[in-house]
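Residues per chain are reported as follows:
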Amino acid sequence: MARINDNFLKLKAGYLFPEIGRRVGAYSEANPDAALIRCGIGDVTEALPKAVQEAMHKAVDELGCRDTFRGYGPEQGYGFLREAVADNAFKGLDISADDIFVSDGSKCDTGNILDIFGPGNTIAITDPVYPVYVDTNVMIGNTGEADEDGRYEGLVYLPCTAENNFVPAIPEEKVDIVYLCYPNNPTGASATREQLQAWVDYALKNDAIILYDAAYEAFIQDADVPRSIYEIEGAKQCALEFRSFSKNGGFTGVRCGYIVIPDTVFGTTESGEKISIKQLWSRRTSTKFNGASYPVQRGAEAIFSDEGKAEVAALVEHYMANAKLLRAACTELGLKVFGGENAPYVWVACPEGLTSWDMFDKMLNEANVVITPGSGFGAAGEGYFRISAFNSRSNVEEVCKRLKALL
C-alpha cells in the first residue's frame, strides 16, 4: 500500500476557512431563509476594474486568432508584466524585472517557497498568523506535534499582542527563517520603518531570511508606513517579498501574484556553500509550474495603466471606508478595536466572557453575520475576532446595525 506523508496527520482539525464554511453551511441548511452576511474570509466583492476586463477580453481575442495565438508562456512570467511590476510597484527601489516571478497567487508562493529550504532550519512565526505559514511547515516536516493550544513543537512563536501593537519583539535566539506580514492579516496592524529596520538588522546579523508578505500594501493610508521591505536599508540582502493582485485588483478568483527575489539573497548548503535563492526558485518554478495564463497576466498588467491605477485606488477607497464604518461601530459598543486603518481587516477584542468561537457562534446564530474567530489564527488570537471590510457598502452598514442590536 502506498505510504502517505505522515506530517499531514499532525495538522489540527481542518484548515480555518473550510471549518468556517462547514459551520456556516450547517447553519444555512437548518435556516434556509437566514439573511447571512459574510465578513469572514477576506474575499473581495466588487467587480474587476474596467481596464482589467478590457485587457483580458483583448487577450482572449488574440488567443482566438491563429496569427496572434500563444501557447506555453515563460514559467517565470511574461516580460511585459514583470517589467510593469518593476517600473511601478518598485520604482526607485532597484528591483529589476528579472527579480520578479509571476505566479497564481501569493498564498501558493508562501507555501511553495519551502520547497527550496532544507531540513534543520529554525523557523519563526508570528502569533496570531495567517494559517498557511504554519500548516505548510507542518506538511513539509519542519515541526513536531501540536500542543493543546495548537502550537507546534519546533517553531519559534513570536507573540503579537495589544501591548506591542501586534508587531513582535526581535527574538533573543537565532532563527534562520522568519515570516512577517505587514499590513498584517489578521490583526490589521502595520509596522513602522524603525520596526522593520530592526528586523532587517537582525536578519543580516544572524544570516536569516525574512519572508515578507506584503499582499495588503495597497491599503496603506499612512505615508510614513513602508509599502515594501525593500524600502529598508539592507533588505535586498536578506528578504523575499510576496505580493498579490487578489485584493487591490479583485483577482481572488482570477488568480495572479508574484514573488520578488533579489540576486543578493543567499542560502547555504549542508557543506556551507552559498547558493542563490533566486537560482533555486527559478529552477523550481520551471519544473513545477507552467505559468499564470496569458489573459490573466495581461489583466494584471492593466492594473498599472493610468486607468487601472485610478480604478484600483477607487476600490481601495471603497474597502477602507467600509473598514472605517466597522471600526466606528465596534468602538461605539465599547469594544477594543485594532486595525482597519492601513489594512482592510478590523481586529476586535471579544466581549468579556466570550471565547473567539463563542463570538463566532453568537454572531452567526443571533446576527446572521459571519466573522473569523481569532483563535483560528493561533493561540495568541484567542479572545479576538476579525471582521473583513471586503463587502458592499450596504452590507457593511447592515452589519454595523446588527452589531449594535446584538451587543
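Now for a description of the structure that goes with this document. Because the structure is a prediction, the values reported are computed rather than measured.

**Remarks on the packing of aromatic side chains**
For the structure shown, the criterion picks out 22 aromatic pairs. Relative to Tyr179, the ring of Tyr133 has its centre 4.9 Å away and its plane inclined at 25°; by these criteria the two rings are stacked. In this pair, Tyr133 is assigned in helix H5 (residues 131-140) and Tyr179 in strand E5 (residues 177-181), connecting sequence segments 46 residues apart. This pair shows no difference in class: Tyr133 is buried, exactly as Tyr179 is.

**Quick notes on the packing of helix H9 (residues 306-332) against helix H11 (residues 393-406)**
Between H9 and H11, whose axes approach to 10 Å, the crossing angle comes to 5°. Comparing their axes, H11 and H9 come out roughly parallel. Taken together, the residues of H11 that come into contact with H9 (itself represented by His318, Ala321, Asn322, Leu325, Leu326, Ala329, Cys330 and Glu332) are Arg393, Val396, Glu397, Val399, Cys400, Leu403 and Lys404. Residues of the contact of H9 with H11, tallied by class, amount to 9 nonpolar, 2 polar and 4 charged.

**Considering the sheet that holds strand E11 (residues 337-339)**
Sheet architecture is open: 4 strands sit in the order E11-E12-E15-E14, paired in antiparallel fashion. Here the strands that pair on one side only, and so sit at the sheet edges, are E11 and strand E14 (372-373). The pairing of E11 with strand E12 (residues 345-349) spans 3 bridges and is antiparallel. Across the sheet, the residue bridging to Val337 is Val348, located in E12.

**As for H9**
With 27 residues, H9 extends 39 Å between its outermost C-alpha atoms, agreeing within 8% with the 39 Å of an ideal straight helix rising 1.5 Å per residue. Looking one or two residues past H9, Gly334 carries a phi angle of roughly 85°, positive in sign.

**Section: the sheet that holds strand E2 (residues 100-103)**
Sheet architecture is open: 7 strands sit in the order E2-E8-E7-E6-E5-E3-E4, paired in mixed fashion. Looking at the sheet topology across the chains shown, the edges are occupied by E2 and strand E4 (155-159). Adjacent strand axes in the sheet meet at a mean angle of 20°, parallel and antiparallel pairs treated alike. Two elements, strand E6 (residues 209-213) and strand E7 (residues 239-244), share 4 bridges in a ladder whose sense is parallel. The residue bridging Tyr212 from the neighbouring strand is Glu241, located in E7. Helix H6 (residues 193-206) contacts E4, E5 and E6 of the sheet and is inclined by roughly 150° relative to E6.

**A closer look at the side chain of Lys10**
Relative to the assigned elements, Lys10 resides in the segment before helix H1 (16-30). Buried and without a salt bridge, Lys10 has Glu145 as its closest oppositely charged side chain, separated by 5.5 Å. A distance of 2.9 Å separates the side chain of Lys10 from the side chain of Asn7, its partner in a polar contact. Apart from the residues lying within four places of it in its own chain, the contact partners of Lys10 are Val138, Thr143, Gly144, Glu145 and Tyr152.

**What to know about the state of the cysteines**
A complete count under the given rule lists 0 disulfides for this structure. Cys256 forms no disulfide, and the closest cysteine sulfur to it belongs to Cys108, at a distance of 11 Å.

**A short note on the packing of helix H2 (residues 50-63) against helix H8 (residues 294-302)**
Direction vectors running N to C along H2 and H8 enclose 150°, while the axes themselves pass 8 Å from each other. The interaxial crossing formed by H2 with H8 has right-handed handedness. Facing Ala51, Val52, Ala55, Met56, Ala59, Val60, Glu62 and Leu63 of H2, the residues of H8 in contact are Tyr294, Pro295, Val296, Arg298, Gly299 and Ala302. A per-class count over the contact of H2 with H8 returns 11 nonpolar, 1 polar and 2 charged.

**Considerations on the pattern of salt bridges**
For the coordinates displayed, the defined rule picks out 21 salt bridges. When the shortest N-O distance is used, the salt bridge between Glu19 and Arg23 registers 3.0 Å. Linking Glu19 with Arg23, this pair stays in helix H1, spanning 4 residues, or about one helical turn. The partner of Glu341 in a salt bridge is Arg327, and the shortest N-O contact between them spans 3.7 Å. With Glu341 in the loop between E11 and E12 and Arg327 in helix H9, this residue pair connects regions lying 14 residues apart in the sequence. When salt bridges with common partners are traced through the structure, they connect Glu19, Arg22, Arg23 and Asp361 into a single cluster.

**Considerations on the layout of surface pockets**
The space that makes up the second largest pocket amounts to roughly 610 Å³. Contributing elements (two or more residues each) for the lining of the second largest pocket: H6, strand E9 (266-268), strand E10 (274-276) and helix H7 (277-288). Split into classes, the residues belonging to the lining of the second largest pocket amount to 14 nonpolar, 8 polar and 5 charged.

**Focus on the pairing of E6**
By the criterion of burial, E6 is predominantly enclosed, with 5 of the 5 residues buried. Taken together, the 5 bridges between E5 and E6 define a ladder with parallel strand orientation. Across the sheet, residue Val178 finds its bridge partner in E6, namely Ile210. A crossover links E5 with its parallel partner E6, the connecting element being H6, and its sense is right-handed.

**A closer look at unusual backbone geometry**
For the bond running from Asp127 to Pro128, omega is 5°, close enough to zero to count as cis. When you line up the elements, Pro128 lands in the loop between strand E3 (123-127) and H5. In this chain, Tyr182 is followed by Pro183 through a cis amide linkage whose omega measures -5°. Residue position: Pro183 is located in the loop between E5 and H6. Its identity as a non-glycine residue notwithstanding, Phe166 has a phi of 60°, on the positive side.

The rules we used
- Residues numbered from 1 in each chain as written.
- Predicted model: local features only at pLDDT ≥ 70, side-chain atom pairs only at ≥ 80, totals over all residues.
- Heavy atoms only, no water.
- Phe/Tyr/Trp six-rings, centres within 6.5 Å; stacked < 30°, edge-to-face > 60°.
- Helix = DSSP H or I, 4+ residues; strand = E, 2+ residues; numbered from the N terminus.
- Buried < 20%, exposed > 50% of the residue type's maximum accessible area, 1.4 Å probe, protein only.
- Axes fitted to C-alpha atoms, helices over the stretch in contact; angles between N-to-C directions.
- Parallel < 35°, antiparallel > 145°, perpendicular 65-115°, else oblique.
- Contact = heavy atoms within 4.5 Å.
- Nonpolar A, V, L, I, M, F, W, Y, C, P; charged D, E, K, R; others polar.
- Pairing = 2+ DSSP bridges.
- Expected span 1.5 Å × (residues − 1).
- Lys, Arg positive; Asp, Glu negative; His and termini not counted.
- Salt bridge = Lys/Arg side-chain N within 4 Å of Asp/Glu carboxyl O.
- Polar contact = N/O pair within 3.5 Å; in protein donor to acceptor, adjacent residues only side chain to side chain.
- Disulfide = S-S within 2.5 Å.
- Left-handed = near helix turned anticlockwise from the far one by under 90°.
- 1 Å grid on protein atoms, 1.4 Å probe; cavity = no way out; pocket = protein on both sides within 12 Å on 5 of 7 lines; lining within 4 Å.
- Points joined across faces, edges and corners; volume = space filled by probe spheres on them.
- Right-handed = clockwise from strand over helix to strand, strands pointing away.

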